[in-house]
Each structure stands twice: as structure tokens, then as C-alpha cells.
Amino acid sequence: MRYDQPDEGRFGDFGGAFAPETLMPALGELEDAFLEAWQDPAFHAELNHLLRTFVGRPTPTYRAARLSEKLGMDLWFKREDLAHTGAHKINNTVAQGLLTKRMGKQRVIAETGAGQHGVATATACSLLGLDCVVFMGEKDIERQALNVYRMRLLGAEVVSVTDGAGTLKDAVSAALRDWVATVGTTHYIIGSVVGPHPFPWMVREFQKVIGEELAADLDGSDGHPKPEVIVAPVGGGSNAMGVFYPFAGDGDVDLVGVEAAGLGISSGKHGASLGHGSPGVLHGSMTYMLQDGAGQVLEAHSISAGLDYPGVGPEHAHFKDSGLVRYESVSDDEAVEAFHLMCRTEGIIPALESSHALAWIVREQASLAGKTVVLNLSGRGDKDVQQIAALYD
Ligand SMILES: Cc1ncc(COP(=O)(O)O)c(C=O)c1O
């Protein structure tokens, strides 16, 4: 089995475990537990059973016929919006939930931005009988009210984080602070390929099922094309890493990650850490991040709560520097336009995060003409409908 364990948690110049001394034993314990589980056929059997019967995997690879015609390309969607709870986040939370039980811990904490990871964590905890506390910035609580209510219905406690900008970065910091104090009894289910080692590696392993299923569906046989371009939105980077990883280094496929340009790069109000940030340490790993000259973290901005993060997973930083993946960005306005386009043309209300990837495809339609393009449709947009209605209608 291929699981490419990074040496010392490093991806080239990035990654590592820049964590408080008190967390190091828990990170070591987690690495050991993950390695042991990932080599245990019984763990895979239990996880695969839940992925199939509870999450609804494999998710379909769907040909978007009307948009293909409109845009002049062969456009496919990997339908993570059809996974239980409406986004890819559940792949990771069910797996980390099983690991929590294996480590003999009863309490789970998590951070959330768009609320999708919070809902997915609350869901896994309800399924597996674990106690769940979710940290969420107060601004995100406001714009993702539906998901807050879903988490509470699922039995989770939602803690409002009022520090900083009241968004995802502040929620991660609050969760890390809680973890330092409770590490003996608590597991922190990080929601993306971010944080100190072993999280970026482990979450990638739990999400790469997306790309593996895609490779099996579009394998060039039986009239099925092979992907030429794969496009995914990048917040912390977990859906993108999940779909890219099995194809990375395969020279035949262009991999494109799309970050949030927010109100425009020149406005300074954006979330494009890879495209317009610089290397630094954020939430326990060396990566690209938005920072000022003194190394203070800058606030990110995106209309989409899931992309509103001033950092990115360290393996993406490595992919950027080694040229394996190209990272682009699109603005709030472009994303909203693409959101409406998908609603009206394909009968799918996409997440605002996923709409960023479609917006890039629309912008690049001339250069993509005639190609087989796959959009990783990371989630459904029910959570965003109220926000869109308030802003634009
Ligand atoms: C639907 C959806 N897509 C994408 C993201 C961004 O996260 P990541 O980059 O880790 O996939 C989120 C985050 O909440 C999300 O809910």
C-alpha cells in the first residue's frame, strides 16, 4: 500500500510540527495510532464499510452536458456534494472518529469555517458515540446559521470565537488552545490538510479516495476519457489534495488549484496564500501564508467562509514550488456569477467554495476548448443560499 509517509513531517521545505511542547506527546501518539491503523486491514474494512453505507461512496463522476456544450469543453464534476452532509469533509471526520475510538479518547474538538467540517465532525461523533465541541468564529456563525443549527441538532456544542476577525483562523487557534489543556482525553479533528505533522499527511490519506475514485471512473477505457485538467478550490486544501494526489507527478494531467481573490488581490482583501502570500509558520507548520513584514498573520477575506483562511496545507506549498500544481485565484463576484450559472444550467446548487473553481474554468474557457476538464464539486450550496439571497437578491 502506498501512503508516502513524509520524513519528519516535511514536504520539501514545508510542513513540520511547530507546536507547543505540551502537544508533542499527543502528536506522537496520533502518528503512531494512524500508522498502525493505516496498516491494519481491519481498520480499512471498517472505514470502507462506513464510507460505502453511511457516507454514500463512491460519489458519482458526472458529465455536465449542458455546461460542456455552453463552454466548448468536455466538463465533468466529481460529485462530493452528494456525500452525506453535503461535502467532502465527512471522508476525513469518519476516519478520524474511528481513530479517536482506537486511541481510547471520548471527547472530540474541531474548528469550522463554512460549518461543513463542523457538521461532518458532529455527524461522525453522533454516529460513533463521541462528545463533540466545535469552535467557530462569530462572523462565520452569522453567515452560516443553517450549519450552526445542524451541528446543535447533531448533539455538538458550538463555541463562538470572538477573537481576531471571528473567522476560521481564530477558530483553529481556539481549538489548539483547548487541545493543549485537554490533550489527555481529547482528540482534535482538524478539518483540512493543515496543522502540525501528522495532520497534513493523515488528512491527505483520508481524502485521496476522491482522486482514486476519479481515476477509476475516467480511466480511458469503454469510451471514458481521461482527465486532461483537474480543477479544485483551495481553502486549507483538503478537497484539492484529495483529488490531486493520485494524479500528482503524472505529466498528462494539469492540476489547477483555485484560491479566493476576494475583493481583488490589489485590495489586500483576499485569501490567496499560495498566489500572493509568503513562507511562514501558521498553526504548527511551515507553509505559504498571508503575513505582514513583521510576520503577523493578516486577515483573509472571501465571500466563501471555507476559503477565508490566511494559510494553506504545507504539501500544497511544496506542490507550488515544485511546479506540480498551478494555483490561480478568482474574485467574490466571479464566484457568485459561476454559482448562478451552475444553478441555472446543471440543476445543481454548488457551494460557494466549489463555485470558485467553476469561475476559473469559465474565465479560461478559450484555453480549455475541447479538453476533458474535471471540476471537483467539493460541496453543495444549501448552506450559502441565505447569504446569496441577502447579498444579491
Ligand atoms: C464545500 C467546501 N469546499 C471547500 C472547502 C475548503 O476546504 P478545503 O480546502 O480543505 O477543501 C470547504 C471548507 O469548509 C467546503 O465546505
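(A) Expanded view of the site of the ligand. In the vicinity of the ligand there are 16 residues, among which Ser 192, Gly 237, Ser 238, Asn 239 and Ser 378 approach most closely. At 3.2 Å, a backbone N or O of Gly 236 approaches an oxygen atom of the ligand. Contact distances for the ligand include 2.7 Å between an oxygen atom and a side-chain N or O atom of Ser 238. Alone, the ligand offers 390 Å² of accessible surface; in the complex the protein occludes 97% of this. Spatially, the ligand is embedded in the largest cavity.

(B) Inspection of helix α15 (residues 352–363) at higher detail. In this model, α15 (12 residues) spans 16 Å end to end at C-alpha, consistent with the 16 Å of a helix rising 1.5 Å per residue. For α15, the buried fraction is high: 10 of the 12 residues fall into the buried class.

(C) Structural view of the packing of helix α2 (residues 41–55) against helix α4 (residues 89–102). Interaxial distance between α2 and α4 falls to 10 Å at its minimum, and their mutual angle equals 140°. By the criterion of interaxial angle, the relationship of α2 to α4 is oblique. When you trace α2 past α4, the crossing you get is right-handed. On α4, the residues touching Phe 43, Glu 46, Leu 47, Leu 50, Leu 51, Phe 54 and Val 55 of α2 are Ile 90, Asn 91, Val 94, Ala 95, Leu 98, Leu 99 and Arg 102. Its residues assigned to classes, the contact of α2 with α4 shows 11 nonpolar, 1 polar and 2 charged.

(D) Looking closely at the packing of aromatic side chains. Counted according to the given criterion, the structure contains 10 aromatic pairs. Here the aromatic rings of Trp 38 and Phe 206 are separated by 5.1 Å at their centres, their planes lie at 85°, and the arrangement is edge-to-face. Highlighted residues: Trp 38 in helix α1 (residues 24–38) and Phe 206 in helix α9 (residues 199–207), separated in sequence by 168 residues. With relative accessibility at 7%, the residue Trp 38 sits in the buried group. A residue is classified by how much of its surface remains accessible, and Phe 206, at 4% relative accessible area, is buried. Pairing Trp 179 with Tyr 188 gives two aromatic rings, centres 5.9 Å apart and planes at 70°, and the pair type is edge-to-face.

(E) The sheet that holds strand β5 (residues 107–112), seen in detail. If you trace the 4 strands from one edge of the open sheet to the other, you get β7-β6-β5-β8, paired in parallel fashion. Either end of the sheet is taken by a strand with one partner, and the two such strands are β7 (157–161) and β8 (186–188). The mean inter-strand angle of the sheet, taken between neighbouring strand axes irrespective of direction, is 25°. Note that β5 and strand β6 (residues 131–137) share 6 bridges and pair parallel. Note on β6: the bridge partner recorded for Val 108 is Cys 132.

(F) Layout of empty space enclosed by the protein. Inspection of every chain in the model, using the stated rule, returns 2 cavities of 30 Å³ or more. When its volume is computed, the largest cavity comes out at roughly 360 Å³. As for the largest cavity, its lining consists of 31 residues, of which His 88, Lys 89, Gly 191, Gly 236 and Gly 306 are closest to the centre. Of the residues contributing to the lining of the largest cavity, the split by class is 11 nonpolar, 16 polar and 4 charged.

(G) Quick look at the pairing of strand β11 (residues 278–282). Examined bridge by bridge, β11 and strand β12 (residues 285–289) share 5 bridges and lie antiparallel to one another. By the bridge assignment, Ser 278 is partnered in β12 with Met 289. Once β11 ends, the chain turns through 2 residues before running back antiparallel as β12, passing His 283 with a positive phi of about 45°.

(H) Here's a closer look at the sheet that holds strand β13 (residues 326–331). Here we have 6 strands laid out as an open sheet, ordered β3-β4-β14-β9-β10-β13, and mixed in their pairing. The strands lining the two open edges of the sheet, one partner per strand, are β3 (61–63) and β13. Pairwise comparison of adjacent strand axes, ignoring direction, gives a mean angle of 30° for this sheet. With 6 bridges joining them, strand β10 (residues 254–262) and β13 adopt parallel strand pairing. Bridge pairing in β13 links Ala 260 to Val 330. Where helix α14 (residues 332–346) meets the sheet, it contacts β3, β4 (74–79), β10, β13 and β14 (372–377), and its direction lies at approximately 85° from that of β13. Along the sheet, α15 contacts β4, β9 (229–233), β10, β13 and β14; its crossing angle with β13, the most-contacted strand, is approximately 100°.

Reading the values: the criteria
Residues numbered from 1 in each chain as written. Predicted model: local features only at pLDDT ≥ 70, side-chain atom pairs only at ≥ 80, totals over all residues. Heavy atoms only, no water. Near = heavy atom within 4 Å. Polar contact = N/O pair within 3.5 Å; in protein donor to acceptor, adjacent residues only side chain to side chain. Areas by Shrake-Rupley, 256 points an atom, 1.4 Å probe, with all protein chains shown as cover. 1 Å grid on protein atoms, 1.4 Å probe; cavity = no way out; pocket = protein on both sides within 12 Å on 5 of 7 lines; lining within 4 Å. Sits in = over half its atoms within 2 Å of the grid points. Helix = DSSP H or I, 4+ residues; strand = E, 2+ residues; numbered from the N terminus. Expected span 1.5 Å × (residues − 1). Buried < 20%, exposed > 50% of the residue type's maximum accessible area, 1.4 Å probe, protein only. Axes fitted to C-alpha atoms, helices over the stretch in contact; angles between N-to-C directions. Parallel < 35°, antiparallel > 145°, perpendicular 65-115°, else oblique. Left-handed = near helix turned anticlockwise from the far one by under 90°. Contact = heavy atoms within 4.5 Å. Nonpolar A, V, L, I, M, F, W, Y, C, P; charged D, E, K, R; others polar. Phe/Tyr/Trp six-rings, centres within 6.5 Å; stacked < 30°, edge-to-face > 60°. Pairing = 2+ DSSP bridges. Points joined across faces, edges and corners; volume = space filled by probe spheres on them.

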